[in-house]
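Inside the fold
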Amino acid sequence: MTQQIPETIDTGSPPVPERDAPGRLAGGRLRVWDIVFFVVSAAAPLTVVASAAPTAMRLGGVGAAGALLVCGVILIFFAIGFTAMSRHVRNTGAFYAYAARGLGKPAGIGTALAALFAYIVLSVSFYGFLGFFAQLTMADLFGLDLPWPVWSLVAAACVAFLGYRKVDVGAKVLAVLLTAEVGILLVLSIAVLANGGPEPWSAAPFSPEAVFLAPGVAALFVMGFGAYMGFEGTAIYAEEAKNPSRTVPIATYIAIGFLAVFYAFTFWMITVAFGIEGVIGLVSSDDFESTVFIAGDQYLGAWAGTVLQVLIVTSFLACLLAFHNASSRYAYSLSREGLLPKPLARTHPTSRAPHVASTTIAVIAVLAILIGWATGADPILQLGIWSYGAGVAGLVFAQAVAAVSVIGFFARDRRGYGRFRVVVAPVIGAAGLIGGFLLIVLNFEYVTGLDAAANALLILPTPVLFAAGIVWGLVIRRRNPAQYAALAESKAETTPER
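Residues numbered from 1 in each chain as written. Predicted model: local features only at pLDDT ≥ 70, side-chain atom pairs only at ≥ 80, totals over all residues. Heavy atoms only, no water.

**Quick word on the overall build of the protein**
Scanning the protein from terminus to terminus reveals 21 helices and zero strands. If you take every contact in the protein between residues at least 6 apart in sequence, the share linking residues at least 24 apart comes to 82%. In the structure as shown, the protein presents an accessible area of about 19200 Å², 67% of it carried by carbon and sulfur atoms. (Helix = DSSP H or I, 4+ residues; strand = E, 2+ residues; numbered from the N terminus. Contact = heavy atoms within 4.5 Å. Areas by Shrake-Rupley, 256 points an atom, 1.4 Å probe, with all protein chains shown as cover.)

So this is what it looks like as structure tokens:
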């Protein structure tokens with residue numbers, strides 16, 4: 001996309017390479033594994049296994065492992081077309097650019113507003129979760145019992161600092177934290193395999209009856225799609241990637257494939273650890289949220305419980321950093337397009353990070369934490385779950401729109417790709433994501449525990465922002481044709497006005 005570079009005073013310094021020019025993100029900085037760490041960390045594997053696994057089994061039965069595999073397959077189909085389109089659309093706005101190029105620019109603006117809202121409220125929810133678990137961990141291990149908002153504010157300061165710095169600094173931090181949390185879960189799973197459980201191994205969690213015909217099938221897929229939140233972040237970092245036409249597709253496939261296999265395996269190991277009957281009894285009890293910690297204590301010893309307590313806090317910190325980076329880059333992209341205040345498009349003169357957008361997102365988080373503290377909100381049941389539910393609904397909606405956009409983008413010109421990659425696979429992915437969004441909306445009470453009226457208030461921002469964005473785009477097209485023509489265009493390719 002042709003960007004307007006802010007004018008600067010000539011100081012006689014050597015010219016700055018275009019990819020690192022003022023007002024641009026630092027190009028060529030992120031490798032495949034850097035992006036994978038951001039995306040997998042956003043999914044927060046430990047928090048999914050420790051919290052979503054017992055919750056999904058409690059509500060939907062032992063088919064949770066199979067449901068995670070099915071969701072992963074749906075997202076792989078979506079990714080096949082998504083990554084083909086990424087070769088032609090390089091914009092840190094990701095869903096915004098994809099929807100604009102596939103369905104028209106008004107739809108792109110609507111999708112961008114819905115996605116930005118989703119990323120921000122998901123970040124807010126994780127501050128609530130982190131504060132809760134950090135309070136418990138610090139009190140249990142060190143006797144330091146401080147209110148949860150204190151730990152949430154400490155986390156906000158850390159995330160703001162890392163977000164202000166170079167993006168690859170954040171990637172290095174995520175690499176360490178992610179390796180630790182994945183490592184402890186793999187050690188636990190291997191211990192379960194080596195020792196065996198109270199019952200013979202069973203493939204029941206992968207049977208069609210347990211996955212598709214269970215009474216709580218909706219809950220399985222609500223938790224299943226939620227477990228992959230953030231995988232589309234591979235496209236968000238396209239402008240900062242080394243060789244993005246190769247890096248983005250590889251990172252996307254690795255991230256989704258790893259998460260699908262890892263989730264299915266660890267969820268299955270939970271059923272092996274306690275047995276089919278035993279795990280159903282445990283997740284039906286009041287201690288269901290401690291399922292993974294109980295397994296760690298039984299199969300590895302007390303040290304594992306302590307390690308898991310620490311790592312669940314760092315897992316949320318890693319998740320927060322990933323979602324903060326994604327939120328910052330969405331805000332940066334929309335500002336660069338003239339859709340948000342111009343200062344948000346500024347990048348740091350040294351690190352090239354979108355430091356103004358990053359700081360703004362951090363301030364919003366701090367305000368949410370302080371409001372939660374002042375009103376006495378529960379960090380899990382209110383600040384956490386309510387925000388999480390709204391964010392999941394918004395992000396799955398944006399994914400579904402992006403999936404349809406891929407179909408629209410290649411409808412008249414397959415651009416040299418085979419029919420399967422840009423027609424068949426995207427249609428399957430879009431159908432799966434639309435179905436997933438409907439399951440989330442129609443069964444929202446499984447996430448929030450609220451009544452229909454309250455749930456509607458949490459869901460409504462997504463369609464309202466989408467509709468408002470469409471109207472806004474039509475207004476821009478009529479009042480400012482030049483700005484409209486420049487929206488969502490990339491360097492890789494230009495398309496006719498839509």
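Picking up where we left off.
**A word on helix 19 (residues 452-459)**
Buried residues of helix 19: Asn455, Leu458 and Ile459, and no others. Down the axis of helix 19, the buried side of the element spans an arc of 95 degrees, and every buried residue falls inside it. Opposite the buried face of helix 19, at more than 90 degrees from it, the exposed residues are Ala453 and Leu457. (Buried < 20%, exposed > 50% of the residue type's maximum accessible area, 1.4 Å probe, protein only. Arc of directions from axis to C-beta.)

**A short note on the nonpolar core**
By size, the foremost hydrophobic cluster in this structure holds 158 residues, and its most contacted members are Tyr96, Phe126, Tyr228, Tyr263 and Phe267. For Phe126, the contacting residues outside a window of four places in its chain are Phe316, Cys319, Leu320, Phe323 and Tyr388. (Core = buried A, V, L, I, M, F, W, Y, C linked by side-chain atoms within 4.5 Å.)

**Things to note about a nonpolar patch on the surface**
Taken together, the side chains of Leu141, Phe142, Leu144, Leu146 and Val310 make up a nonpolar region of the molecular surface, amounting to roughly 400 Å² of accessible area. On the secondary structure map, Leu141 appears in helix 5 (residues 105-142). Judged by relative accessible area, which is 31%, Leu141 ranks as partly exposed. (Patch = residues over 30% accessible without salt bridge, like charges linked within 9 Å, V, L, I, M, F, W, Y side chains within 5 Å. Salt bridge = Lys/Arg side-chain N within 4 Å of Asp/Glu carboxyl O.)

**Describing the packing of helix 16 (residues 383-409) against helix 17 (residues 419-442)**
It is the contact of helix 16 with helix 17, at a shortest axis distance of 8 Å, that shows an interaxial angle of 155 degrees. Overall, the two elements helix 16 and helix 17 adopt an arrangement that is roughly antiparallel. Note that helix 16 runs across helix 17; the crossing there is left-handed. Counted together, Val392, Ala393, Val396, Phe397, Gln399, Ala400, Ala403, Val404, Val406 and Ile407 of helix 16 and Pro426, Val427, Gly429, Ala430, Leu433, Ile434, Gly436, Phe437 and Ile440 of helix 17 form the full contact between these two elements. Here the contact of helix 16 with helix 17 is built from residues that sort into 16 nonpolar, three polar and no charged. (Axes fitted to C-alpha atoms, helices over the stretch in contact; angles between N-to-C directions. Parallel < 35°, antiparallel > 145°, perpendicular 65-115°, else oblique. Left-handed = near helix turned anticlockwise from the far one by under 90°. Nonpolar A, V, L, I, M, F, W, Y, C, P; charged D, E, K, R; others polar.)

**With respect to the side chain of Glu181**
Position of Glu181 relative to the elements: it lies in helix 7 (residues 167-195). The exposure class of Glu181 is buried, given its relative accessible area of 1%. Looking at Glu181, its side chain comes within polar contact range of the main-chain nitrogen of Leu46, at 2.9 Å. Beyond its immediate sequence surroundings of up to four residues, Glu181 is in contact with Ala44, Pro45, Leu46, Leu311 and Ser315. (Polar contact = N/O pair within 3.5 Å; in protein donor to acceptor, adjacent residues only side chain to side chain.)

**So, the packing of helix 2 (residues 45-60) against helix 14 (residues 302-336)**
Running from amino to carboxyl end, helix 2 crosses helix 14 at an angle of 120 degrees, the nearest separation of the two axes being 8 Å. It follows that helix 2 is oblique to helix 14 by the angle criterion. Of the two possible hands of crossing, helix 2 and helix 14 adopt the one that is left-handed. Where helix 2 approaches helix 14, its residues Leu46, Thr47 and Ala50 are matched on the opposing element by Leu308, Leu311, Ile312, Ser315 and Phe316. Classifying every residue of the contact of helix 2 with helix 14 gives six nonpolar, two polar and no charged.

**What to know about the packing of aromatic side chains**
One pass over the full model with this rule turns up 24 aromatic pairs. Measuring from centroid to centroid gives 6.2 Å for Phe212 and Phe221, while their planes differ by 25 degrees, and the two rings are stacked. Where Phe262 meets Tyr263, the ring centres are 6.4 Å apart and the plane angle is 55 degrees; that geometry is what we call tilted. By way of ring pairs, the aromatic residues Tyr119, Phe126, Phe129, Phe132, Phe133, Phe316, Phe323, Tyr330 and Tyr388 are connected into one cluster. (Phe/Tyr/Trp six-rings, centres within 6.5 Å; stacked < 30°, edge-to-face > 60°.)

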